[in-house]
Amino acid sequence: IDAALYAEGTFLKSDVALDTNNFILTVTSSDGSVVYDGKYGEKPEEIVVMPGEYKVEVSSIRFAPPMFDAPKFGDSQTVTVEQGINVKVAFNCKQLNAGLRLKFSDEFIAQFPGTGVSIQQRENTVAYDYTQTKYLYLDESMFAMIYSGSNGDTVLMNKALRGGQMVTMNLSYKNTLISSTT
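Because the structure is a prediction, the values reported are computed rather than measured.

Trainee: Explain the overall build of the protein residue by residue, including any values.
Mentor: For the protein, the count of helices and strands is 1 helix and 14 strands. Out of the 182 residues belonging to the protein, those deemed buried represent 34%. Here the analysis covers contacts within the protein between residues at least 6 apart in sequence; of these, 59% occur between residues at least 24 apart.

Right under this line is the structure:
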């Protein structure tokens, strides 16, 4: 299998306007207790907490990869809160997940007949049809491309992408005969 990767020139890419009031704000203490989890636009003016360290996150969606039509924008900060001191948090939101678009050559489809492949990341699997044109969004962990044929499942590729990448992967298959004489 030959895989040619092409990264789009833009890392921040969205076809929809993002309303940050609809972003999800999560404040978690260092012991893992969730102090606040709700819409950013509905947060109280002040979130009162005990002194300590907190992770403060905003994200545009709750994301369970892989998913179509699901670019995730957001940021996270770790802050230390001292007794009687207000802490302000500024977010620099960017695309956190990666977009993957697959294009299949006729030779690839002939070698792997059917309707497409599957993309698996963690415990989730999504069908990626040979005719699909949308981006599939993944997080920064490893994903597998799987072909399900008459002889069972075959992992064709394992790969990881970086957050913010928008990648088009052209897949082809070349059957090469290697011969040698001694």
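Moving on from the model shown.
Trainee: So what's going on with the side chain of Thr-26? Residues and values would help.
Mentor: On the secondary structure map, Thr-26 appears in strand S2 (residues 24–29). Engagement of the side chain of Thr-26 in a polar contact is seen with the side chain of Asp-37, the distance being 2.9 Å. In this structure, Thr-26 is in contact with Val-34, Tyr-36, Asp-37, Lys-55, Val-56 and Glu-57, ignoring residues within four places of it in sequence.

Trainee: Pulling in residues and values, what's your account of the sheet that holds strand S9 (residues 116–121)?
Mentor: As summarised here, the arrangement of the 4 strands in space is S10-S9-S12-S13, forming an open sheet in which the pairing is antiparallel. Edge positions in the sheet fall to strand S10 (124–129) and strand S13 (152–159), since each has one partner strand and no second. Pairwise comparison of adjacent strand axes, ignoring direction, gives a mean angle of 30° for this sheet. Pairing of S9 with strand S12 (residues 143–149), which is carried by 3 bridges, proceeds in the antiparallel orientation. What sits directly across from Ser-118, in S12, is Ile-146.

Trainee: Go over the packing of aromatic side chains with me, naming the residues and quoting the values.
Mentor: Per the stated rule, a full pass over the model turns up 9 aromatic pairs. Considering the side-chain rings of Phe-104 and Tyr-128, the 6.2 Å spacing of their centres and the 65° angle between planes classify their relative orientation as edge-to-face. Placement of the pair is Phe-104 in strand S8 (residues 98–104) and Tyr-128 in strand S10, with a sequence separation of 24 residues. Across this residue pair, the class does not change: Phe-104 and Tyr-128 are buried. With a centroid separation of 5.1 Å and 65° between ring planes, the pair formed by Phe-112 and Tyr-147 is classed as edge-to-face. Pair noted here: Phe-112 is in the loop between helix H1 (106–111) and S9 and Tyr-147 is in strand S12, with a separation of 35 residues, a long-range link.

Trainee: Just give me the short version of the environment of Ala-70, but keep the residues and values in it.
Mentor: Within the element layout of this structure, Ala-70 appears in the loop between strand S5 (67–68) and strand S6 (73–81). Judged by relative accessible area, which is 3%, Ala-70 ranks as buried. Expressed as a C-alpha distance, the spacing of Ala-70 and Asn-97, which sit 27 residues apart in the sequence, is 8.8 Å. Excluding residues within four positions of it along the chain, Ala-70 makes contact with Ile-61, Phe-63, Asn-97 and Tyr-137.

Trainee: Describe unusual backbone geometry, and please don't skip the residues or the numbers.
Mentor: In the segment running from Pro-65 into Pro-66, the intervening peptide bond is cis, with an omega of -10°. Following the sequence through the fold, Pro-66 ends up in the loop between strand S4 (52–59) and S5. One non-glycine residue, Asp-69, adopts positive backbone phi at about 50°. If you trace the backbone, Asp-69 turns up in the loop between S5 and S6.

Trainee: With reference to specific residues and values, describe the sheet that holds S2.
Mentor: On the basis of which strands lie adjacent, the open sheet formed by 5 strands has the order S3-S2-S4-S6-S7 and antiparallel pairing. Because the sheet does not close on itself, it has two edges, and the strands there are strand S3 (34–39) and strand S7 (94–95). Note: S6 against S7, 2 bridges, orientation antiparallel. Residue pairing in the sheet places Phe-73 in a bridge with Gln-95 of S7.

Criteria and thresholds
- Each residue is numbered by its place in its chain's sequence as written, counting from 1.
- This being a predicted model, a pLDDT of at least 70 is required before a residue's local features are given, and a value of 80 or more before pairs of side-chain atoms are given or counted; all residues contribute to the totals for chains, interfaces and linings.
- To obtain the side-chain values, all non-hydrogen atoms of the structure were included, while hydrogens and water were left out.
- Strands here mean DSSP runs of E at least two residues long; helices mean DSSP runs of H or I at least four residues long; both are numbered from the N terminus.
- Exposure categories follow from relative accessible area, calculated using a 1.4 Å probe and restricted to protein chains: below 20% of the type maximum is buried, above 50% is exposed, and the middle band is partly exposed.
- We call two residues in contact when some of their heavy atoms are within 4.5 Å.
- Whenever a nitrogen or oxygen atom comes within 3.5 Å of another N or O atom, the pair is scored as a polar contact, on the condition that within protein one atom can donate a hydrogen and the other can accept it, and that pairs from neighbouring residues in sequence are kept only if both atoms are in side chains.
- Note: two strands are recorded as paired if DSSP finds a minimum of 2 bridges between them.
- Fitting a line to C-alpha atoms yields each axis, with helices limited to the stretch in contact; the angle taken between N-to-C directions then spans 0 to 180 degrees.
- Aromatic pairing here means that ring centres of Phe, Tyr or Trp (its six-membered ring) are within 6.5 Å. Orientation follows from the plane angle: under 30 degrees is stacked, over 60 is edge-to-face, and everything else is tilted.

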